[in-house]
Each structure stands twice: as C-alpha cells, then as structure tokens.
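Here is how the chains run, residue by residue.
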Amino acid sequence: MMKKIPELLSPAGGLEQLKAAVENGADAVYMGGRLFNARVNAENFDDHELKAGMAYAHIRGVNVYVAMNTLIADEEMQAALEFAAEVYEAGADALIIQDMGFAGLVKKHLPDLPIHLSTQATIYNIEGVRAAEKLGFSRVILARELDLASIKNICDQTSVQIEVFVHGALCMSYSGQCQLSQVIGGRSGNRGQCAQPCRLPYSLHMHEGRNDRELTKAAYLLSPKDLWAIKHLDQLAGAGVSSLKIEGRMKSPEYVATVTGIYRKYLELYAAGQLDSSGNSQTNSSTESHYEVTAADIKALKQSYNRGGFTTGYFLGNPGRDLLSGKLPKHQGVYIGTVNKSFPERRLLEIKLEDRLSIGDGIEIWSENFPGNLVTFMKKNAIKVDFGEQGDVITVGDIDGEMMPGDLVYKITDKQLNKEAQASYLYKPEQRVMISCLFEANKGRPMALLLTDDEGHEVHMVSEHRPEDAINRATTKEMIVAQLDKTGGTPYKIIDFKFDVAEGIAIPMSEINLLRRNALEELTRLRLNKYPEREKPMGMDAKLKIEVLELGAKTGLVSPTVNKILYFYPLNGSKSYQLVNKNFEEHIFEASRIYLPYSCFLTRDYDDIFEAYGARKIPLIPVIPPITFGYHDMILAENLETLIKNPFVSGICLGNLGWAAECLKLGADIYGDYSLNFYNSNSFSVAKSMGFKGGVIAHEASLSQIKDMDFSGLDVSVAAYGRLPVMITEHCPIGSRKTVKRGLGDPGNTDHCANTKSPNDIESGNDVAKCNLCHSGSFYLKDRKGAEFPVITDKDSCRATILSHNTRPLKYTSTELVKAGIMNQRLYILDETIGDIEGL
C-alpha cells in the first residue's frame with residue numbers, strides 16, 4: 001500500500017526554471033510577477049510568460065501558486081488587486097500573501113481564490129494558524145525555526161494545510177521580522193528588496209565599563225548554511241505536513257532540476273515503502289523512519305548549491321554554531337583536492353586531485369582572494385586530457401592570483417551535472433500525463449477515440465473516416481497501437497489500450513494519427529480550462545478603484561497634539577529598566593503610555609513603581625513579544641489571565657496574532673506591535689475587525705505613505721526615536737559559540753545555550769550546560785564599517801533581538817504627524833539616560 005506523501009513545491013524564478021521543476025517531478029511551483037513579490041531581483045514572469053507558465057504546468061497536472069508576498073502601500077493597492085484579478089483569470093491555484101490588508105481585499109473581491117499565508121507573516125504556533133484560518137487562509141507556511149515535534153503538534157490540531165521549507169537558503173532572522181537591509185541601505189526585505197547584509201562579516205564585542213572587548217574577530221556570524229531535509233522526509237510526512245517547499249527563485253534552472261529530482265526520488269521511494277538504511281530500494285517496508293541518502297545524491301545537492309555544507313536548521317533542535325556557513329557566505333561547491341604548485345607568471349596551477357575534475361568545470365581556490373575560473377585547459381603528465389581522477393596530479397590554466405601549496409580547491413560548477421539537468425527538461429522531458437484510451441473502428445461507421453486522463457477528463461473524438469473491408473492487408477491492433485502511441489512531443493503517455501475493432505477492415509494510418517492529434521488537442525484544452533467558472537467580476541476594476549480611494553480618506557483626527565509613548569526593551573544585566581525607577585518619576589510626566597516586557601507584571605518587584613505611575617494615571621502596557629514560541633507560550637498559557645487582571649495593566653501590546661483571540665476573550669484591550677507590519681489602510685481595517693484598539697505603523701512607511709493611510713479610527717503610533725529592532729533570531733550570537741542541541745518545542749527545556757560564566761568561554765569555545773553570559777554585560781555586533789548593533793537577549797528562550805546601529809532621530813515634526821492623523825510617537829528606550837530623552 002502506497003503511503004500518502006506531501007506535495008513537492010519547487011521554485012520558478014523564470015519560465016525555464018518552471019519547466020525544470022515540472023519535468024523533474026514537482027507537484028506544484030511558485031512564481032512571481034514583476035512586482036509585489038519577495039524576490040523582485042529574480043527573472044520573474046511578465047504577463048505573457050506567466051500565462052505560458054501556468055499553461056505548461058496545468059497541462060501536466062502541476063499547481064501554480066503566485067507569490068505576492070510583500071507589504072503593499074496604499075498607492076500600490078489598486079495595481080496589486082488588478083494583478084491578483086489577472087492571475088485569478090489566468091488560473092492561478094493560489095496566491096501567497098504576507099500583507100493582511102491585501103489579503104482582506106483579495107478575499108472580498110475574489111473569494112474563491114485560495115490564499116496561502118507567507119512565512120513572512122511569522123506564524124509558529126497553533127494559535128497563529130487559527131488566527132490565519134479566521135482571516136481566510138487555507139494554507140500557512142510556517143516559520144523556519146520550528147522543530148519536527150512542534151510542526152507535528154500544529155498539524156495534529158488543524159485542518160489548515162501546513163507548508164514547510166525543506167531545502168535552500170535560510171534567513172538568520174524570523175522571516176518578516178528583519179529590518180537589517182532597510183536600516184543599512186534603505187532596501188526592505190518586507191518589500192522584496194533585501195540586500196542580504198547578513199552575509200557580510202561581523203565581530204562580537206562586549207562593553208566592560210568604558211572598555212570594549214572583542215570576543216570574536218570578524219566572521220560570518222549571521223550567515224546560515226543552506227537548509228536540507230532530504231534525510232527527514234519520512235518524519236515530515238508522518239507529521240502531517242501538506243507541502244514541502246524548496247527555496248530558490250533566484251537559482252538556476254539546473255539547480256531547480258537537480259534538487260527537485262532528488263527530492264522526488266526519495267518521496268516516491270518512501271511512498272512505496274522501499275527505503276532501507278542504505279537509501280537503496282527494497283521490498284521490505286519495515287524501516288519507515290530511518291534511511292540514508294546515497295553519496296551520489298548528496299554530492300549532487302552540494303554541487304548544485306551549498307554554503308559550507310548543509311544544516312537541518314531547527315528541525316532537530318537549535319544547532320548553535322553549526323548553523324553558520326563558516327568561512328564563506330556563498331556557494332562553496334565540492335572539495336576536490338589541494339594546490340601542489342603554482343606558476344603565476346604562466347597562469348598555471350598544479351592540483352593533486354581527490355575527486356574528478358573535467359574540462360568545463362568551474363573551480364575556486366581557498367587562498368586570500370579566492371581565485372578561480374572555468375577549466376578550459378588541462379594536462380596530465382604533460383599530455384592534454386579532458387578530465388582527471390582521484391589521485392591524479394593535473395595542471396590547469398588561466399588561473400590568476402596568489403596561491404600556495406596546500407590551498408584547498410573546490411569545484412564550484414560541474415559541467416556534466418548541469419548537462420544532465422538540462423537534458424531532463426530541454427531534450428528528454430520525462431513528465432507524462434498518464435491516459436487510457438478506447439479505440440472504436442467498425443465497417444461503415446465513423447471511427448472514434450475515447451481518452452480519459454488522471455483528473456477525470458474525458459474526450460470522445462469522432463472521425464469522418466468510415467473503415468471498409470481490407471482488399472490486401474487488414475489493420476491489426478498492433479498497427480493501431482503503434483500509431484496511437486506516438487505521443488512524443490506532448491505531455492501525454494497512453495498506458496492502457498482498449499479496442500472495439502472489427503476483423504478484416506483497413507484503416508489508413510494517417511486517419512488514426514489525425515484522430516489521435518485531434519483528441520489530444522481537445523484533452524489539452526480541457527486541462528487548460530482548470531477553472532471554467534472563473535472570470536473577473538463585472539466592473540471589478542472600477543469597484544477596486546473606488547474602494548482604494550475610500551480607504552485613503554481620513555476618518556478624522558482624534559487629538560490636536562502628539563503624545564509620547566515609551567517602549568522599553570528588556571535590558572541585560574544590572575541596567576535593566578534603569579529609567580523605570582523613582583528617580584525617573586518626576587521626569588516622566590510627558591509620557592502618555594509606557595510599554596514594558598510582560599514579565600515585569602508577573603513579579604512584585606515593580607509594584608511601588610507601578611503605583612507611582614498609576615497615581616499619575618499613566619497607562620502601563622505589557623508587551624507580549626513577536627516570538628513567544630516555546631518558553632513564552634508556556635508561561636502565557638499559565639499566566640495570561642493573571643497578567644490581564646493585574647490592576648496596573650491597561651491593555652496588552654501584541655507582537656503576534658496568536659494570542660489576540662485569548663486576550664480578547666479575557667477582556668483585554670489589544671494593541672498591535674511593530675512586528676505585525678501595518679503598512680496600509682486595509683491592514684488597519686483588518687486589525688480593527690480582529691478587535692485591535694490600536695497599533696504601530698510598519699517601520700518601512702514614509703511620511704507621505706502615512707498621510708495616505710486611513711487608520712479606521714484606531715489609536716495609531718509611529719516610531720519616532722530610538723534603536724529599531726532589525727532582527728529577531730533563534731541563533732544567539734553570544735551563547736551559540738558552543739551549544740547543546742535542544743528541542744525548541746520543549747518549553748521547559750532552558751538548558752540549551754553554551755554555558756559560559758565569563759567572556760573567556762566565548763573566546764575559547766568551552767562546552768558547558770547552561771548559559772547566562774548574555775546577562776553578564778552589554779553586547780553588540782560590529783560590521784566592517786565600524787557600525788555597532790546592540791544585541792539584547794532573552795535568557796529564558798535564548799532568543800536574540802539585534803537593534804539598529806544608530807538611534808532613529810525624530811524624523812517628523814508634531815505638526816506633520818498631526819496632519820497625518822498620528823496621535824502617538826513611540827520612543828524606543830534601550831540604555832538612555834534621563835537627559836537623553838528629556839526634551840524629545
């Protein structure tokens with residue numbers, strides 16, 4: 001009995017990549033148009049290519065999901081909705097969406113178009129999945145930080161389809177929560193423009209009084225290896241995952257072909273129960289959970305693309321420093337040998353091979369500047385050769401740069417592997433739609449052909465030709481099969497032939513061919529018309545235009561002045577909340593509201609301070625962080641009611657959607673934090689419909705964009721001062737210098753970082769059991785230009801938040817904010833003194 005396996009979902013950065021995915025066994029592909037997708041620098045599809053790509057996929061039974069997974073501004077909303085309507089008409093099987101406001105409009109105007117919630121929405125628990133379901137999402141793409149147990153726990157509790165990434169590039173930050181590219185260069189990842197500054201070198205430092213101590217020299221501390229889950233497909237299938245996603249819309253067609261083909265191979269072997277411990281096929285299906293991938297397949301995956309090898313990411317727990325790509329943040333290829341000698345004046349290099357190298361392969365040498373080139377010249381024993389094998393000493397040409405004996409040599413591209421990949425989709429496509437046929441031919445009656453495909457389509461094609469008695473040679477069934485079987489150049493393969501054919505009749509072969517061609521053309525037409533009931537609603541463009549204009553209309557100003565909201569980060573060590581003390585009370589009269597980590601309200605340590613603020617009628621708002629996965633979910637499940645009923649609490653600031661329903665159920669006023677990415681008018685409309693009283697505008701928004709927003713009457717604030725959060729990561733750059741793997745889904749397991757009692761442990765890499773180093777001082781990352789990015793950590797979850805390298809100045813005057821309808825300025829407080837914020 002075949003086991004049920006998840007959908008295999010492959011990337012299509014262009015039409016050739018789409019064909020590579022389809023022909024190598026993808027069940028579905030995801031693609032983007034020219035705009036509104038998180039890979040705007042990919043080749044992507046113009047209108048003609050998009051329709052052609054959908055046709056190619058749908059004929060072959062492959063679903064197409066269109067990515068519109070960026071934040072969308074009000075001035076773009078009209079164009080985005082019109083594009084959604086176009087892909088709806090063209091037959092898209094779903095949209096992948098990040099922006100909640102855009103999703104709301106899509107569900108309103110195109111209610112039968114499925115929408116999938118992007119990983120950019122940062123969903124990591126069952127509460128978040130349920131919130132997404134209420135908003136109309138039929139599938140949720142989970143955050144990549146979840147372990148297998150947590151994924152299974154979510155799948156067990158929902159009928160919503162769950163999709164997870166299984167191969168390709170990883171982000172260091174939770175997707176949707178990274179502002180690093182935005183604050184450094186003005187290129188927002190949430191807008192599809194990420195410049196990947198995480199792939200640059202950083203050093204880790206610690207403040208010791210007035211001194212600065214470098215704990216690690218410049219290295220790629222924020223650059224992960226590429227993800228792979230090829231050895232865990234059985235566990236993901238068993239967990240109930242609906243779709244396995246390969247990352248790579250920026251990758252080549254050859255990459256897509258190779259990776260898709262290998263994942264399809266092991267999914268099919270698993271489905272048939274034919275994997276043994278060596279990865280080879282077998283008849284005994286008893287070993288369901290453990291198998292080995294062949295060395296050849298591992299090598300092909302690495303050769304296609306890897307950054308310092310692969311990582312299972314967080315599937316098996318936090319991998320600590322093993323997550324990092326190591327010496328290089330880019331493709332590293334496959335190790336093939338070492339430099340024997342270098343002849344720089346002749347641009348020649350002698351290599352002792354430990355693996356095969358051929359003419360046409362690309363190599364790179366691990367010396368100071370990483371020289372390399374395509375191999376166009378090769379000699380062995382002074383004789384020109386086309387390839388060298390393990391143990392050979394060969395000489396290659398056209399290599400510039402300084403290289404030393406012993407330098408490592410890596411093969412970056414493999415000509416033969418790429419040639420085989422290209423053959424799979426350019427020359428010998430293997431994907432076939434399996435069909436059955438019934439051929440009817442009787443004397444004096446029109447011939448007919450009935451075709452039935454795997455989706456239940458039926459074509460009954462009747463010919464004008466009427467067979468007669470044979471004069472010389474009668475037509476046999478074998479002759480008919482030979483003509484019907486000529487489906488080359490089409491996606492079809494007939495696997496079942498049935499006949500109703502009279503004896504002794506003659507049929508011209510040309511008539512059989514014509515009947516076959518006509519029937520297959522009609523079958524193609526039916527398969528292309530996947531959604532016959534779909535058409536763009538009458539007058540939709542005009543209705544959308546009116547609606548977008550109405551959303552841009554202000555609902556009226558609430559206050560003629562702008563209030564100040566203080567938002568306190570959790571601080572490490574003894575500096576914690578230094579401004580929240582009695583000495584600060586007399587200086588805080590201007591604050592209209594104070595946001596503090598929710599943990600402050602689960603202790604009695606701050607009651608005297610809270611009472612003082614209460615006397616001044618300054619509302620105190622606990623902050624539930626953007627990521628509560630694991631430890632905080634457990635604490636909140638036990639203490640949320642106590643938190644909300646605390647007499648000092650005047651509402652809850654939510655960094656994620658998951659806890660909204662429960663907070664509302666307990667009667668709390670809820671306010672959306674920066675991490676919810678409110679970027680347009682309809683996002684506030686959706687927030688209001690969910691019960692939010694207010695929220696902070698996405699940090700990407702400009703003043704001109706803010707002026708166009710309708711806040712639906714919500715209490716809205718804008719970030720005006722302080723260091724912005726630029727990254728939230730499970731990989732703590734402080735404690736992860738040495739780590740013990742642990743299950744993130746085990747909220748009670750807090751013994752998961754490197755236990756380092758002093759900074760010396762970071763420098764030496766000592767192994768220990770529990771980490772409190774992050775609370776022993778103040779840490780920051782420094783980039784190659786000297787910019788310093790503070791790192792604040794949560795010792796309970798070992799999660800880190802990296803802050804911007806500079807303090808955001810007050811960008812707008814109070815008059816400008818009032819005109820824009822903004823009632824509140826948010827001031828982010830890290831280690832500011834009273835003098836720093838007086839007068840703001």
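Anything mentioned here points back to the structure above.
Here goes a summary of the coordinates provided. Quantities reported herein were computed from a predicted structural model and do not represent experimental measurements.

A few words now on the sheet that holds strand β27 (residues 492-501). With respect to topology, 4 strands assemble into an open sheet ordered β25-β24-β23-β27, the strand pairing being mixed. Among the strands making up the open sheet, the edge pair consists of β25 (458-462) and β27. Between one strand axis and the next, the sheet turns through 15° on average, direction left out of account. Alignment of strand β23 (residues 433-441) against β27, held across 9 bridges, turns out to be parallel. Bridge pairing links Ala441 to Val501 in β27. Packing against the sheet, helix α13 (residues 509-528) makes contact with β23, β24 (448-453), β25 and β27, and its axis sits at approximately 145° to β25.

Let's shift gears to the state of the cysteines. Applying the stated criterion to the full structure yields 0 disulfides. Of the cysteine sulfurs around Cys171, a residue in no disulfide, the closest is that of Cys198, at 6.7 Å. By relative accessible area, which is 38% here, Cys171 ends up partly exposed.

If you trace the 8 strands from one edge of the open sheet to the other, you get β17-β16-β22-β13-β14-β21-β18-β19, paired in antiparallel fashion. With one partner strand each, in any of the chains shown, β17 (372-374) and β19 (383-384) form the two edges of the open sheet. Two elements, strand β18 (residues 378-380) and β19, share 2 bridges in a ladder whose sense is antiparallel. Directly across from Lys379, in β19, lies its bridge partner Lys384.

Moving on, we get to the environment of Leu830. One can find Leu830 in the loop between β40 (824-829) and α23 (834-837). With relative accessibility at 10%, the residue Leu830 sits in the buried group. Note: C-alpha distance between Leu830 and Arg723 (107 residues apart in sequence) is 7.5 Å.

Enumeration according to the criterion identifies 17 aromatic pairs in this entry. Considering the side-chain rings of Tyr335 and Tyr410, the 5.7 Å spacing of their centres and the 65° angle between planes classify their relative orientation as edge-to-face. Taken together, the residues Tyr335 in strand β13 (residues 334-343) and Tyr410 in strand β22 (residues 408-413) connect sequence positions 75 residues apart. The buried category is assigned to Tyr410, whose relative accessible area is 14%. Three or more aromatic residues joined by ring pairs make a cluster, and in this case those are Tyr335, Trp366, Phe370 and Tyr410. Between the NZ or CZ atom of Lys245 and the centre of the ring of Tyr30, over which it lies, the distance is 4.4 Å. Here the guanidinium or amino end of Arg534 rests over the ring plane of Tyr531, the centre of that ring lying 3.8 Å away.

Turning our eyes to something else, we now look at unusual backbone geometry. Although it is not a glycine, Gln196 sits at a positive phi angle of roughly 55°. Assignment of secondary structure puts Gln196 in the loop between α7 (180-185) and β8 (202-208). Phi at Asn381 takes a positive value of approximately 55°, unusual for a residue other than glycine. Within the fold, Asn381 resides in the loop between β18 and β19.

Per the stated rule, a full pass over the model turns up 33 salt bridges. One salt bridge in this structure joins Glu163 and Arg139, with 2.8 Å as the shortest N-O distance. A residue pair is termed long-range when its members are at least 10 positions apart, and Glu163 in strand β7 (residues 161-168) and Arg139 in strand β6 (residues 139-141) qualify at 24 residues.

Further remarks concern the side chain of Thr628. Mapped onto the elements, Thr628 comes out in the loop between β31 (620-624) and α17 (631-644). There is a polar contact of 2.6 Å between the side chain of Thr628 and the side chain of Asp633. When residues no more than four places from it in sequence are discounted, the contact partners of Thr628 are Tyr124, Asn125, Asp633, Leu636, Asn656, Trp659 and Arg799.

Rules and cut-offs
- Within every chain, residues take consecutive numbers counted from 1 along the sequence as written.
- Two thresholds apply to this predicted model, a pLDDT of at least 70 for residue-level local features and 80 or more for giving and counting side-chain atom pairs, whereas whole-chain, interface and lining totals are computed over all residues.
- For side-chain calculations, the full set of non-hydrogen atoms in the structure is used, while hydrogens and water are omitted.
- Only strands that DSSP links by at least two bridges are regarded as paired with each other.
- Think of it this way: any DSSP run of H or I at least four residues long counts as a helix, any run of E at least two long counts as a strand, and we number them from the N terminus.
- Angles run from 0 to 180 degrees between N-to-C directions of axes, and those axes are lines fitted to C-alpha atoms, restricted for helices to the stretch in contact.
- Contacts: residue pairs with any heavy atoms within 4.5 Å of one another.
- Here, the term disulfide refers to a pair of cysteine sulfur atoms separated by no more than 2.5 Å.
- In this scheme, a residue with accessible area under 20% of its type's maximum is buried, one over 50% is exposed, and one in between is partly exposed, where area comes from a 1.4 Å probe on protein chains only.
- The aromatic pairing rule takes the rings of Phe, Tyr and Trp, using the six-membered ring of Trp, and pairs them if the centres are within 6.5 Å, calling planes under 30 degrees apart stacked, those over 60 edge-to-face and the rest tilted.
- Charge-over-ring placement is defined geometrically: NZ (Lys) or CZ (Arg) within 6 Å of the ring centre, and within 35 degrees of the ring normal.
- Salt bridge, as used here, is a side-chain nitrogen of Lys or Arg placed within 4 Å of a carboxyl oxygen of Asp or Glu.
- Any pair of N or O atoms that falls within 3.5 Å is considered a polar contact. Within protein, one atom must be able to donate a hydrogen and the other to accept it, and sequence-neighbouring residues count only if both atoms are side-chain atoms.

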